[in-house]
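The residues making up each chain are set out below.
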Amino acid sequence: MYKIRTLATLLASSACCFAAPALAADNPEIVVTATGIEQDIRDTGTAISVIDTADIIDQQIISIADILQELPGVSVTQSGGLGSQASVRIRGAESDQTLVLINGIRVNDPSSPDGAFDFGNLLAGNIERVEVLRGASGVTWGSQAVGGVVNITTKRPTEDLALYAQGEYGAHDTVRLVSNASGKIGPLGLSIGGGYARTDGISAFSRGTEPDGYRQYSASGQVEVDLTDAIRFEASGYYADSRIDNDSVFPPFSSDDSQFSLAKEIYGNAAIEARAFDGRFQNRFAFSISDINRDIINPFFTSLPRGRTERFEYRGDFALIEQLRFVFGAETEDSRYENSGVTDSTGIDSVFFQTVFKPLDGLALTAGVRHDDHEDFGGNTSLAGNIVYRAGEDGPTIRASYAEGFRAPSLIDLDDRPFGFGTPNLLPETAKSYEIGIEQSFIAKAVQLSVILFQRDTDNQIAFAACPVAPDPTPEVCTNGSRPFGTTLNIERNRTNGVEAILSIAPVERLRIDANYTWLDTANRSTGANFSNELARRPASSLYLNASYQTAFGLKLGADMQMVGDSFDDLANSRRIDGYILAGARANIPVTDAFEVFGRIDNLLDVTYETATDFGSPGRSAYVGARARF
């Protein structure tokens, strides 16, 4: 592993000299994740990555988790093959500190052990856009936006009628079908799509012998109705019905197993948008619901967790003058959990205010405050501020930000039933996040560089610890016999420092090379046996390289490589996860203007690797497919 780390460091040094965000486009990139409203990405002082439909199609992505792990500062832990549980960590934060939105709906699962979102079931078929904000964003998004925010949008209505269909087949008898239709008739816009995926899979247990399969049916839709010139109604829905076979993976007692899990996810929202004062005052009133039902079937037990979140919100956006903009709102949320006759619920009410001030061309300042009033833990106030300065069209862009984050313990974290995993007296997590970065373009914007330094300090972070090796002092629930497997507890304090470097090069019109490198230093700063240990499942370094070339007759070729450094799988740093190198190749060629064929090979070198102890991962895998657009 020393050679892998050394090679990654050398390549990263090169990337730091040429790293940059996506190459500049004629039209500005508009994002909504920075402040919750549409905003030119050049006016934001926070780090945001954007994945659009073109990226998903070009890289032939099946799962959103697959493309998220290519981003700077993002790592993914997956417990097996396609469809298995996938956890996303941003800048070393825990997966439950990543807030996930689908069409503006908060979809973190209150019935999961830590309130995190499982990316394993989120396939890419009808996803139009993903924005990833790296760093705390408590003012804009409230609880759980400690490490970052993943904001996902399904395909929206198009101006003209558009039809899309795709089919794919490959390794492990994998089949995937995707379709979508969209368009507008007068004031009505509609987009509706569906998907199907199945695979024989691989063994979830890395040394297992029987494959664990996966199957999913999914559907999504959006509707827009212009009621008047100033009032619009919007609604969206997302549905997924999944089944995944899995094994009993609990080191050192992991083994093949015949257990499986079922999941039905329903996400929906409805909103009214109203504009006044020639569009300078925009208002959005919305209601959303997230409903997740899971069945975990084991030869020895059955668990039926049910999670539901309902949310009302108002968001206002008032441009007082061209240079001064106010963003404000109020939210109320109720979440409920049920399993095996045990029910629990909680709620949180929030108000927030932000201002965006642009006193000079190229200079933008954003500041805000938010107060969350949690039913169980009382109030929490978050602050944030950032600045961005662009020194002309060819000069550097400098960004700096400070933000605070907050996460209340999930309902499962607090579940104190005998032989459960919760601890009833947990404290909420709080975090302070700092970053500063610079971007610069060279050679008529053919080369662009971005380097970002960041730090986050977290207090009372909630983590799971196996009771036999629980930290000092050992919690009472570990000594009285009620927690034979482990428990949740607060880590008093931890700190994460890091560097992100991003590169984009377009030496000629048809060739593009992208690279990013992340160096991460995590430290448990709590007193006890684990003091100064690295946080679990946070690789110290990661490097991603991607190249694509399009020939004059339309053939598009691509290749990518991912290098991930060593990490540990537990708080005690007793189980090491070796680093690895993955490579892939892909190609697609149009047959007609409306029809193209494609193919790819993942894990080209057939590397055996783990992202978590005892969990399997796919070997070399080949896929072919075709897509049509009308």
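Heads up: the structure comes first, above all this text.
Rules used throughout
Residues numbered from 1 in each chain as written. Predicted model: local features only at pLDDT ≥ 70, side-chain atom pairs only at ≥ 80, totals over all residues. Heavy atoms only, no water. Helix = DSSP H or I, 4+ residues; strand = E, 2+ residues; numbered from the N terminus. Rg over C-alpha atoms; globule rule 2.2 N^0.38 Å. Buried < 20%, exposed > 50% of the residue type's maximum accessible area, 1.4 Å probe, protein only. Contact = heavy atoms within 4.5 Å. Areas by Shrake-Rupley, 256 points an atom, 1.4 Å probe, with all protein chains shown as cover. Lys, Arg positive; Asp, Glu negative; His and termini not counted. Charge placed at Lys NZ, Arg CZ, Asp CG, Glu CD. Pairing = 2+ DSSP bridges. Patch = residues over 30% accessible without salt bridge, like charges linked within 9 Å, V, L, I, M, F, W, Y side chains within 5 Å. Salt bridge = Lys/Arg side-chain N within 4 Å of Asp/Glu carboxyl O.

Caption draft 1: View of the overall build of the protein chain. Counting its regular elements, the protein chain contains five helices and 34 strands. The globule rule puts the C-alpha radius of gyration for 630 residues at 25 Å, and the 24 Å found for the protein chain is close to it. With the principal axes as the frame, the protein chain shows a C-alpha extent of 65 × 55 × 50 Å. Classification of the 630 residues of the protein chain by burial places 55% in the buried group. Considering only contacts in the protein chain between residues 6 or more positions apart, those separated by 24 or more positions represent 62%. If you sum the accessible surface of the protein chain, you get close to 26,600 Å²; carbon and sulfur atoms cover 59% of it. Separation of charge centres in the protein chain, based on 53 positive and 83 negative side chains, amounts to 2 Å.

Caption draft 2: Local environment of the side chain of asparagine 603. Locating asparagine 603 in the fold gives a position in the loop between strand 33 (595–602) and strand 34 (621–629). The buried category is assigned to asparagine 603, whose relative accessible area is 7%. Discounting chain neighbours no more than four positions away, the residues touching asparagine 603 are Leu582, Ala583, Tyr609, Pro618, Gly619 and Arg620.

Caption draft 3: Main features of the pairing of strand 12 (residues 188–202). Where strand 11 (residues 174–185) lies against strand 12, 11 bridges are found, and the strand directions are antiparallel. Each bridged residue has a counterpart across the sheet, and for lysine 184 the counterpart in strand 12 is glycine 189. Two successive antiparallel strands, strand 11 and strand 12, enclose a turn made up of two residues, where glycine 186 displays a positive phi of approximately 60°. Summarising the sheet, strand 12 and strand 13 (residues 212–226) pair through 13 bridges and their orientation is antiparallel. Paired with leucine 190 across the bridge in strand 13 is valine 223.

Caption draft 4: Structural view of the pairing of strand 9 (residues 148–154). Strand 9 sits mainly inside the fold: seven of its seven residues count as buried. Going residue by residue along strand 9, you find Gly148, Val150, Ile152 and Thr154 tucked away on one face and Val149, Asn151 and Thr153 tucked away on the opposite face as well. Note that strand 6 (residues 98–102) and strand 9 share five bridges and pair parallel. Each bridged residue has a counterpart across the sheet, and for leucine 99 the counterpart in strand 9 is valine 149. The pairing of strand 8 (residues 127–134) with strand 9 spans seven bridges and is antiparallel.

Caption draft 5: Focus on a nonpolar patch on the surface. A contiguous nonpolar patch, built from Leu227, Ile231, Ile272 and Phe285 and spanning about 330 Å² of accessible area, is present on the exposed surface. Tracing the backbone through its elements, the reader meets isoleucine 272 in strand 15 (residues 260–276).

Caption draft 6: How the structure looks around the pattern of salt bridges. What the rule picks out here adds up to 55 salt bridges. Taking the shortest distance from any N to any O, the salt bridge between arginine 586 and aspartate 560 comes out at 3.5 Å. You can see arginine 586 sitting in strand 32 (residues 580–590) and its partner aspartate 560 sitting in strand 29 (residues 556–564), a full 26 residues away along the chain. Judged by its relative accessible area of 8%, arginine 586 falls in the buried class. The exposure class of aspartate 560 is partly exposed, given its relative accessible area of 24%. The network of salt bridges with common partners includes Arg106, Arg311, Glu313, Arg315, Glu331, Glu333, Arg370 and Asp372.

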